[in-house]
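Here is what each chain is made of, one letter per residue.
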Amino acid sequence: MFEVLVYHKIHNVINFERQIVFLKKKYTILNLDKFKENIRRNDDYNKPSLLLTFDDGDISFYKNAFPILKKHNVPAVIFVITDLINTNKPFWWDAIPYYNIDVDASKLVWDVKKVPNYRRIEILQELKNKSGKKDLEYPQLTYNQLEEMGKSGISIANHSHTHPIFDQCSNQELRYEMEFSIKVLKERNHYYDVFAYPNGNFSLESEEIIRDSGIKFAFLFDHKMKKNPINPLRISRLMVDDTTSLWKFKFILSGLHSKILPLRKKVAKWL
Ligand SMILES: [Zn+2]
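Just so it is clear, the structure is predicted and the values come from calculations on it, not from any experiment. (Residues numbered from 1 in each chain as written. Predicted model: local features only at pLDDT ≥ 70, side-chain atom pairs only at ≥ 80, totals over all residues. Heavy atoms only, no water.)

Caption draft 1: Spotlight on the domain arrangement of the chain. On domain assignment, one finds that the chain holds domain 1 (2–87 + 140–270) and domain 2 (90–137). Here domain 1 and domain 2 have C-alpha centroids that lie 26 Å from each other. Counting residues at the interface gives 14 residues for domain 1, matched by 12 residues for domain 2. In this assembly, domain 1 packs against domain 2 so that about 1000 Å² is buried in total across both faces, 52% of it on carbon and sulfur atoms. The largest share of the area that domain 1 buries against domain 2 comes from His163, Ile165 and Gln168, three residues that together contribute 40% of it. At the junction of domain 1 with domain 2, the criterion picks out 1 salt bridge. Among the ionic pairs, Lys9 bridges to Asp94, the shortest N-O distance being 3.4 Å. Inspection of the region where domain 1 meets domain 2 yields 5 residue pairs in polar contact (both at pLDDT 80 or more). Here the side of domain 1 that touches domain 2 is built from residues that sort into 5 nonpolar, 5 polar and 4 charged. (Domains from an automatic or database assignment. Contact = heavy atoms within 4.5 Å. Buried area = accessible area lost by both parts, 1.4 Å probe. Salt bridge = Lys/Arg side-chain N within 4 Å of Asp/Glu carboxyl O. Polar contact = N/O pair within 3.5 Å; in protein donor to acceptor, adjacent residues only side chain to side chain. Nonpolar A, V, L, I, M, F, W, Y, C, P; charged D, E, K, R; others polar.)

Caption draft 2: Quick look at the coordination of the zinc ion. Bound to the zinc ion are the protein donor atoms Asp56 (OD), His159 (NE2) and His163 (NE2), situated 2.1 to 2.2 Å from the metal. Taken in sequence order, the residues that donate to the zinc ion follow the motif D-x102-H-x3-H. Taken together, the residues Asp56 in strand S3 (residues 49–56) and His163 in the loop between strand S5 (154–158) and helix H8 (171–187) connect sequence positions 107 residues apart. Since its relative accessible area comes to 5%, His163 is described here as buried. (Donors = N, O, S within 2.8 Å, 3.2 Å for Na, K, Ca; no water. Helix = DSSP H or I, 4+ residues; strand = E, 2+ residues; numbered from the N terminus. Buried < 20%, exposed > 50% of the residue type's maximum accessible area, 1.4 Å probe, protein only.)

Caption draft 3: Structural view of the pairing of S3. Among the 8 residues in S3, 8 count as buried, and that is most of the element. Two strands pair when backbone bridges link them, and strand S1 (residues 2–7) and S3 are joined in this way by 6 bridges, in the parallel orientation. When the sheet's bridge partners are listed, Val6 is paired in S3 with Thr53. As paired elements, strand S2 (residues 28–29) and S3 share 2 bridges and run parallel to each other. Residue pairing for S3: Ile29 is matched across the bridge by Leu50. Summarising the sheet, S3 and strand S4 (residues 76–80) pair through 4 bridges and their orientation is parallel. Directly across from Asp55, in S4, lies its bridge partner Phe79. The parallel pair S3 and S4 is bridged by helix H3 (residues 59–71), and the resulting crossover is right-handed. (Pairing = 2+ DSSP bridges. Right-handed = clockwise from strand over helix to strand, strands pointing away.)

Caption draft 4: Focus on H3. Between its first and last C-alpha, H3 extends 18 Å over 13 residues, near the 18 Å set by a 1.5 Å rise per residue. All of the buried residues in H3 are Ile59, Ser60, Phe61, Tyr62, Asn64, Ala65, Phe66, Ile68 and Leu69. Of the surrounding secondary structure, the elements contacted by the buried residues of H3 are helix H1 (13–26), S3, S4, helix H7 (143–150) and S5. Backbone geometry just downstream of H3 places Asn73 in the positive-phi region, at approximately 55 degrees. (Expected span 1.5 Å × (residues − 1).)

Caption draft 5: How the structure looks around the packing of aromatic side chains. All chains considered together, the criterion is met by 19 aromatic pairs. Centroid distance Tyr7 to Phe16: 5.4 Å. Interplanar angle 80 degrees. Geometry classified as edge-to-face. Here Tyr7 falls in the buried class, since its relative accessible area comes to 0%. An aromatic cluster is defined as three or more aromatic residues linked by ring pairs; in this entry it consists of Phe2, Phe35, Phe79 and Phe219. Just above the ring of Trp92 sits the side chain of Arg120; from NZ or CZ to the centre is 4.5 Å. For the cation-ring pair, Lys133 lies above Tyr98, with the distance from its terminal atom to the ring centre recorded as 4.3 Å. (Phe/Tyr/Trp six-rings, centres within 6.5 Å; stacked < 30°, edge-to-face > 60°. Lys NZ or Arg CZ within 6 Å of the ring centre and 35° of its normal.)

This is how it looks when you write it as structure tokens:
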């Protein structure tokens, strides 16, 4: 059996190292090549295996997670947003609370994820103009850092060009996202054909476009255990973060957490 974990930013270095030591003891941690091979052959092992993935390519991965993974010789995959590499552009969901001065920012980020992509871009521009603030800057990973990590067990894979919400994009926007992200990663010999849906938003139309663009493996953000047989374009992932305690980690990896979560959400609606 194997499962896939998904992280984002890594700040709690002490707890993250504790997690890695625990995972290494209990699981075989696969690198991306081995994982792809297993899926192709539909292999299942007695020893439980894991693939560790990190979405967005945040700089904290390089600063905090990479040294620990390297120290323990643990491979991982980072899904990067190609338009941000080598820039000081912020993630757009961080720009919203920075430029927004009127309303509840977290609600606004949530709302903006549900509007057509062209509107999301307009809203961001409107907020920026209205705020009068200077441009928000945020250091992103550089090509050199990606190359350095690529040589030390980290596979660099595709998280689109600008991280729009895929089920809110036109087909033309989706083709643009795939064309540019693939081009940038291919030029540098990274894993351009391994993709994670931005924000996890999946649609049948986007699946058709990513497949036509040449994507061979696509990851969801669904907090579910893997299903058999595996559809390589719909690989489930379990959500964790750098603060997850070891007991919760065990709970999540047992599969119980993802079963209980929808139930808890249903119950919460009644409260
Ligand atoms: Zn993302």
